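Letter by letter, the chains look like this.
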Amino acid sequence: PQMPLPMNKINFDLLVDNKDGVLDHTVINLNHLNFDLAGDPFAIKLMATNPTTDPFLDAEAKGKINLDNFAKLIPFEKKTTLSGNIIADLMVKGRQSAIEKADIEKFNASGNLTVTHLKYQTSDMLEMLTIDAAVFELSPEVISVPELKGSLGKNDIAMNGQIENFFGYSMKG
């Protein structure tokens, strides 16, 4: 009741298991993490196995996060600014070995992530990072960035293009 905004429908089911102490036998199963922050629902699922030999990842994220509302609930360091909106509808499923073999039938990534009106700065940052609009579109081969506009302090940022081998790089090691 003392929270400044309503956060409802908080529900999660998490299992982290390693029966024999062998790191590669670790299983992380976030069956679901759901919440509704001030009327904006968000849901995440994650299954991860075999982290050292052939990592498997099955993850989904869907919903909206208004960072202005999020910042009202989570205490940040002094002189931290966080605001903006994130809308996610993402899915990634497959093993690292499928990426390395370019076997896109065995590795799937799809969806998009949209960021608008983001403002971020901490006491460690000399300048405010602002993202007016950014769109990221996932596929197994690339992450397309059709639009990213913003600024870092007085410096404008504008870019578009593709990030290749993102999943291969991020899942390795």
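Just above sits the structure.
Being a predicted model, the structure only gives us computed values, none of them experimental.

About the cut-offs
- Residues numbered from 1 in each chain as written.
- Predicted model: local features only at pLDDT ≥ 70, side-chain atom pairs only at ≥ 80, totals over all residues.
- Heavy atoms only, no water.
- Helix = DSSP H or I, 4+ residues; strand = E, 2+ residues; numbered from the N terminus.
- Buried < 20%, exposed > 50% of the residue type's maximum accessible area, 1.4 Å probe, protein only.
- Contact = heavy atoms within 4.5 Å.
- Areas by Shrake-Rupley, 256 points an atom, 1.4 Å probe, with all protein chains shown as cover.
- Lys, Arg positive; Asp, Glu negative; His and termini not counted.
- Charge placed at Lys NZ, Arg CZ, Asp CG, Glu CD.
- Patch = residues over 30% accessible without salt bridge, like charges linked within 9 Å, V, L, I, M, F, W, Y side chains within 5 Å.
- Salt bridge = Lys/Arg side-chain N within 4 Å of Asp/Glu carboxyl O.
- Core = buried A, V, L, I, M, F, W, Y, C linked by side-chain atoms within 4.5 Å.
- Phe/Tyr/Trp six-rings, centres within 6.5 Å; stacked < 30°, edge-to-face > 60°.

Participant: With reference to specific residues and values, describe the overall build of the protein.
Facilitator: A count of helical and extended segments in the protein gives three helices and nine strands. For the C-alpha atoms alone, the extent of the protein along its principal axes is close to 45 × 45 × 30 Å. In the protein, which comprises 173 residues, the proportion classed as buried is 32%. When contacts within the protein are restricted to residue pairs at least 6 apart in sequence, long-range pairs at least 24 apart make up 42% of them. Summing over all exposed atoms, the protein offers an accessible surface of approximately 11,100 Å²; the carbon and sulfur share of this is 57%. Looking at charge distribution, the protein has the averaged site of its 16 positive side-chain charges lying 5 Å from that of its 23 negative ones.

Participant: Let's hear about the environment of P51: which residues, and what values?
Facilitator: In this fold, P51 is placed in the loop between β3 (40–49) and β4 (56–66). Sequence separation between P51 and Q96 is 45 residues, and the spatial gap between their C-alpha atoms is 9.7 Å. P51 has contacts with L23, D24 and T26, leaving out every residue within four places of it along the chain.

Participant: Please give an account of unusual backbone geometry that cites residues and values.
Facilitator: Unlike most non-glycine residues, K79 shows phi in positive territory, near 65°. Looking at the secondary structure, you find K79 in the loop between α1 (67–73) and β5 (81–95). The phi torsion at H117 lies on the positive side, around 55°, for a residue other than glycine. In this fold, H117 is placed in strand β6 (residues 107–121).

Participant: An account of a nonpolar patch on the surface is needed here, citing residue identities and associated values.
Facilitator: On the surface, a nonpolar cluster with roughly 380 Å² of combined accessible area is contributed by F12, L14, V16 and I28. Looking at the element boundaries, I28 is found in strand β2 (residues 27–37). Judged by relative accessible area, I28 falls into the partly exposed class, the value being 31%.

Participant: Lay out the nonpolar core in plain terms, naming residues and giving numbers.
Facilitator: Counting 16 residues, the largest nonpolar core has F42, L118 and I131 as the members making the most contacts within it. Those elements giving two or more residues to this core turn out to be β2, β4, α1, β5, β6, β7 (129–138) and β8 (142–152). Leaving out residues up to four positions away in the same chain, L118 has contacts with L67, L82, S83, G84, L129, T130 and I131. Grouped together as the second largest cluster of nonpolar side chains are eight residues, V92, A98, I99 and I143 included.

Participant: Just give me the short version of the packing of aromatic side chains, but keep the residues and values in it.
Facilitator: Per the counting criterion, the structure on display carries three aromatic pairs. Each ring, one from F35 and one from F42, has its centre 5.8 Å from the other, and the planes form 25°; the classification is stacked. There is no split in this pair, since F35 and F42 are both buried. An aromatic cluster is present here, built from F107, F166 and F167 joined pairwise through their rings.

By themselves, these observations are geometric and do not establish any function.
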